[in-house]
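Commentary on secondary and tertiary structure
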Amino acid sequence: MIRLNDITSKLISYHPKADVELIEKAYVYSAKVHQGQIRLSGEPYLSHPLEAAYILAQLKMDVICIAAGLLHDVIEDTDTELSEIRDLFGEETANIVDGVTKIGKMHFVNREQRQAENVRKMILAMSSDIRVILVKLADRLHNMRTLGFQPEEKQRLIATETLDIYAPLAGRMGINWIKSNLEDLCLFYLEPEIYAKIKDATAERRDEMKAFMEQVKGDLSAKLEEFNILGTIKARQKHFYSIYRKMLDQNLTVDQVYDILAFRVIVNSIKECYEVLGHIHSMWKPVQGRFKDYVSVPKANMYQSLHTTVIGPLGQRMEIQIRTWDMNRVAESGIAAHWRYKEGSIATRADEKQFAWLKQLLDWQKNLKDPQEFLESVKMDLFPDEVYVFTPKGDVKAFPRGASIVDFAYAIHSEIGQKCIGGRVNGKMVPLRYQLKNGNIVEIITSARQHPSKDWLDMVKTPRAKTKIRQWLRTQEREESISLGKSILEKALKQEGLAQTSIFKSDQIALVARELSFHSVEELVAQVGFGKVSPRQVVGRLKPKLGITRTRSHGLVSKVVDRFFRSREGRGIRIDGVSDMLVRFAKCCNPLPGEDVIGFITRGRGITIHQNTCRHIRNAESERLVEVSWDPDDREVYPATLKVTTVERKGILADISTILTQKDANIIHAEIKTTMDNKGISFFTLEVESYKQLQDIMNAIKKVRNVLIVERI
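Just so you know, these numbers come straight off a predicted model, no measurement behind them. (Residues numbered from 1 in each chain as written. Predicted model: local features only at pLDDT ≥ 70, side-chain atom pairs only at ≥ 80, totals over all residues. Heavy atoms only, no water.)

**Considering the overall build of the chain**
Helices and strands together make up the secondary structure of the chain, namely 30 helices and 20 strands. Sequence-distant contacts, at least 24 apart, represent 66% of the contacts inside the chain between residues at least 6 apart. Accessible area of the chain: about 37,000 Å², with a carbon and sulfur share of 49%. (Helix = DSSP H or I, 4+ residues; strand = E, 2+ residues; numbered from the N terminus. Contact = heavy atoms within 4.5 Å. Areas by Shrake-Rupley, 256 points an atom, 1.4 Å probe, with all protein chains shown as cover.)

**Quick look at helix α13 (residues 206-226)**
Taking 1.5 Å per residue as the helical rise, α13 with its 21 residues ought to reach 30 Å, and the 30 Å between its terminal C-alpha atoms agrees with that figure. Listed in full, the buried residues belonging to α13 are Met209, Phe212, Met213, Val216, Leu220, Lys223 and Leu224. Down the axis of α13, the smallest arc covering the buried residues is 105°, so these residues share one side. Facing away from the buried side of α13 by over 90 degrees, the exposed positions are Asp207, Lys210, Glu225 and Glu226. Looking at the packing, one finds that the buried side of α13 touches α12 (192-204), β1 (232-237), β2 (261-267), α15 (270-283) and β6 (317-324). Two residues or fewer after α13 comes Asn228, characterised by a positive phi angle close to 55°. (Expected span 1.5 Å × (residues − 1). Buried < 20%, exposed > 50% of the residue type's maximum accessible area, 1.4 Å probe, protein only. Arc of directions from axis to C-beta.)

**Observations regarding the packing of aromatic side chains**
Per the counting criterion, the structure on display carries nine aromatic pairs. Each ring, one from Phe188 and one from Tyr195, has its centre 5.1 Å from the other, and the planes form 85°; the classification is edge-to-face. Consider the rings of Phe585 and Tyr638, whose centres lie 5.5 Å apart with planes at 80°: the pair is edge-to-face. You can see Phe585 sitting in strand β13 (residues 583-585) and its partner Tyr638 sitting in strand β17 (residues 638-647), a full 53 residues away along the chain. Taken as a pair, Phe585 and Tyr638 share a single burial class, namely buried. One aromatic cluster is present, built from ring pairs that chain together Phe188, Tyr189, Tyr195 and Phe240. The residue whose ring lies beneath Lys25 is Phe89, and the NZ or CZ to ring-centre distance is 5.3 Å. (Phe/Tyr/Trp six-rings, centres within 6.5 Å; stacked < 30°, edge-to-face > 60°. Lys NZ or Arg CZ within 6 Å of the ring centre and 35° of its normal.)

**Description of the pattern of salt bridges**
It is possible for side chains of opposite charge to pair when their charged atoms get near one another. The final tally for this structure, using the stated rule, is eleven salt bridges. Between Glu183 and Lys179 there is a salt bridge; the shortest N-O distance is 3.0 Å. Placement of the pair is Glu183 and Lys179 together in helix α11 (residues 176-190), with a separation of four residues, close to one helical turn. Classification of Glu183 by relative accessible area gives buried; the value is 12%. Taking the shortest distance from any N to any O, the salt bridge between Glu226 and Lys223 comes out at 3.7 Å. Here Lys223 and Glu226 lie together in helix α13, a separation of three residues that amounts to about one turn. (Salt bridge = Lys/Arg side-chain N within 4 Å of Asp/Glu carboxyl O.)

**So, the packing of α12 against helix α14 (residues 240-250)**
Interaxial distance between α12 and α14 falls to 10 Å at its minimum, and their mutual angle equals 105°. Viewed along their axes, α12 and α14 adopt a mutual orientation that is roughly perpendicular. Contacts between α12 and α14 pair Ile194, Tyr195, Ile198, Lys199 and Thr202 from the former with Phe240, Ile243, Tyr244 and Met247 from the latter. Class assignment of the residues belonging to the contact of α12 with α14 gives a composition of seven nonpolar, one polar and one charged. (Axes fitted to C-alpha atoms, helices over the stretch in contact; angles between N-to-C directions. Parallel < 35°, antiparallel > 145°, perpendicular 65-115°, else oblique. Nonpolar A, V, L, I, M, F, W, Y, C, P; charged D, E, K, R; others polar.)

**Here's the deal with the sheet that holds β17**
Taken in spatial order, the four strands of this open sheet run β18-β19-β17-β20, and their pairing is antiparallel. Taken across any chain shown, the strands that pair with only one partner, and hence form the sheet edges, are β18 (666-674) and β20 (707-712). Between one strand and the next, the sheet's axes are offset by a mean angle of 15°, whatever the strand orientation. Here β17 pairs with strand β19 (residues 679-688) via ten bridges, running antiparallel. Paired with Thr645 across the two strands is Ile681, which belongs to β19. Strands in contact with helix α29 (residues 652-662) are β17, β18, β19 and β20; relative to β19, the strand with the most contacts, it is inclined by about 15°. Contacts from helix α30 (residues 691-702) reach β17, β19 and β20 within the one sheet, and its direction differs from that of β20 by about 165°. (Pairing = 2+ DSSP bridges.)

**A short note on the packing of helix α1 (residues 4-14) against helix α4 (residues 63-71)**
Their axes nearest at 12 Å, the elements α1 and α4 cross at an angle of 165°. By the angle between their axes, α1 is roughly antiparallel relative to α4. Both α1 and α4 take part in a crossing whose hand is right-handed. Listed contacts from α4 to Ile7, Leu11 and Tyr14 of α1 are Val63, Ile66 and Leu70. (Left-handed = near helix turned anticlockwise from the far one by under 90°.)

**Details of the sheet that holds strand β11 (residues 442-446)**
Hydrogen bonds between backbone groups are what pair the strands of a sheet, and the pairing can be parallel or antiparallel. Spatially, β10-β9-β11 is the arrangement adopted by the three strands of the open sheet, whose pairing is antiparallel. The open sheet has two free edges, formed respectively by β10 (428-430) and β11, since each of these has just one partner strand. Between one strand axis and the next, the sheet turns by 30° as a mean value, whatever way the strands run.

**Overview of a nonpolar patch on the surface**
On the surface, Val647, Leu708 and Ile709 cluster together into a nonpolar patch covering about 230 Å² of accessible area. One can find Ile709 in strand β20. With relative accessibility at 43%, the residue Ile709 sits in the partly exposed group. (Patch = residues over 30% accessible without salt bridge, like charges linked within 9 Å, V, L, I, M, F, W, Y side chains within 5 Å.)

**Some thoughts on the side chain of Thr391**
Position of Thr391 among the secondary structure elements: in the loop between β7 (386-390) and β8 (396-400). Those residues in contact with Thr391 that sit more than four places away from it in its chain are Lys397, Phe408, Ile412, Ile441 and Val442.

**A few points about the nonpolar core**
When a protein is soluble and globular, its nonpolar side chains tend to lie buried together. Counting residues in each nonpolar core, the largest one holds 98 residues, and the members touching the most others are Leu56, Ile66, Met144, Val265, Ile320 and Ile322. If we skip the residues at most four places from it in the chain, Met144 touches Ile158, Ala159, Thr162, Leu182, Leu185, Cys186 and Tyr189. Formed by 31 residues, the second largest nonpolar core is a distinct cluster that contains Ile573, Ile609, Ala665 and Phe684. (Core = buried A, V, L, I, M, F, W, Y, C linked by side-chain atoms within 4.5 Å.)

**Here we look at helix α10 (residues 152-172)**
Here α10 contains 21 residues, and its C-alpha end-to-end distance of 29 Å stays within 8% of the 30 Å for a straight helix at 1.5 Å per residue. At Leu163, α10 shows its maximal bend, which comes to roughly 45°. (Bend = angle between axes of the 7 residues up to and from the residue.)

**So, unusual backbone geometry**
Its identity as a non-glycine residue notwithstanding, Lys60 has a phi of 60°, on the positive side. The phi torsion at Asn706 lies on the positive side, around 75°, for a residue other than glycine. Positionally, Asn706 belongs in the loop between α30 and β20.

**Things to note about a negative patch on the surface**
Where like charges cluster on the molecular surface, the negative patch consists of Asp79, Glu81, Glu84 and Asp87. With respect to the helices, strands and loops of the structure, Asp87 is situated in helix α6 (residues 82-89). (Lys, Arg positive; Asp, Glu negative; His and termini not counted. Charge placed at Lys NZ, Arg CZ, Asp CG, Glu CD.)

**Considerations on the state of the cysteines**
What makes a disulfide is a covalent bond joining the sulfur atoms belonging to two cysteines. Taken as a whole, this structure holds zero disulfides when the rule is applied. Among the cysteines around Cys588, which has no disulfide bond, Cys614 carries the closest sulfur, lying 3.5 Å off. For Cys588, a relative accessible area of 39% translates into the label partly exposed. (Disulfide = S-S within 2.5 Å.)

**Some thoughts on the environment of Gln155**
Positionally, Gln155 belongs in helix α10. Judged by relative accessible area, which is 13%, Gln155 ranks as buried. For the pair Gln155 and Tyr189, spaced 34 residues apart in sequence, the C-alpha to C-alpha distance is 6.7 Å. Apart from the residues lying within four places of it in its own chain, the contact partners of Gln155 are Leu147, Gly148, Gln150 and Tyr189. There is a polar contact of 3.3 Å between the side chain of Gln155 and the backbone oxygen of Gly148. (Polar contact = N/O pair within 3.5 Å; in protein donor to acceptor, adjacent residues only side chain to side chain.)

So this is what it looks like as structure tokens:
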């Protein structure tokens, strides 16, 4: 277990004049309030904040940040109040601890909302002090290192969240050693069999790789000496997750991945970087399209290096990075290498440039109300795979790969984005769908008559563009809905012989709006236009307020409608605040009882029930979404389709069929095919009563010998 002396010794090694008194005080306080608490591993709880603090010392952070690392869990896991931390350790330390404190006490509808709100809180906190996220990353790294003591279901949940948010966040901040550690740990828990295969395969080739590394390092050293260049050459094996991604992207087995070694040349100047690049290309043939110059155009996190891939001495590809010592320091520590809090100083303007993307995230989170939409935007920004383009004035702008002219236009200004009709790239006209490429010089062409459309959402990649387009569409649709709603209500009022124009300014309709829980008459009219409120409902409430006696028809139509809605009872769904809507289930996602679901109002077709995560409602207008829940008394059966990938084995289908019978699932359709590599792919459409029953079936099938993957489609 890490000890206090390990932390203070590490701190003094890079900050000899550091005042360790605050850290010692934080250690004593943390030990006192966590006394008696035990982790699942059986270790004292204090081991966790000590490990987190040591990771921060490895990042060469300041005294206040390391003290906050020792205290980061005291508010959540003990009776400590934030005011006490502020009194004992100062405002800065308290603010960092408050920013890192988890959101366990907050309640949200589903996991996506909890995750999105957590990211919101991190971004809000780190917008004022980047040390918040550094402490959070240290906390997550140690939790991942001890994840094996958690139940299997929680392991997968935490590993998935880490892979989605924390690992790319560490990468975006330039702290690549934390990113790689997190990714490898996630792979271990999410794909244990693949992890083991990669580990075994690399172990078998260890001697071969060691000999190859020594040969390449020797050749490079001789070349540097020949031209009197003083440099250091390092070699390493690529991380398991990096190998795994290459296997997925290129459809390779682990034995087919050859370029699992990477070399790094560190020199004293930028001039020498380019000289070394030329010498390397004279020694080995470069692979076309695999050279990247991050020295002249740094990444958003200020990473700088030259990357080239060449055909090595044994005829295989190998990657070589070339950088200066300053670049290497930034590459290893990322944002932590720039953020200066030493001796109580504040960040300089140069430092603030490193964090422009954090400010962008902060702006987006203010505009995005839907948690899933926000999470999508954050993930998009954390997985940039960037291209760099230029304005006509020579300013460099970075975009995710696949970004279009429209993304560029919105990056310049929202109004330019909305009026964009195309652009000139390197002097040539291009359409809106044109995808930006590295080195493009882009000029936007606008028209006063142009405006965004829903198609634009498929063209753009940046969160800013998506957010602005959605905002415009919502505003436009609201205006159209108000106009449509007013027209519908006027027609309904005319049928009842009521004045149509003056009624919208009357106190009576304002009262109807309040009764239906709307803030204004305009909001009521808009909801009529959206189809969420029927005009008959409004007129029915309005007539008594105007002194008109309400009569009820007992004709044939009324009886048929009443009988229809009575027949809908017990169909498995309850709709909050609505009792007279046609309900149907979406065929795109086939929701099952027990899953989180949402209702979408389809004009003229009632309410369609979707899974909360269904891609077809991600971009849906929030005004047309309604809360729904499953009826606990429902005894219906619902269709669900499973895809089962297997290694060919005699009797495997019989084993799967036996499980389906044991789990009381009726097979209504089955399709089986064999691939060229002797794998079997089977599709089973089943009738099940609930999501839990489907999960039980999937878990049972996964245990069958030679079953590789079981997934719901």
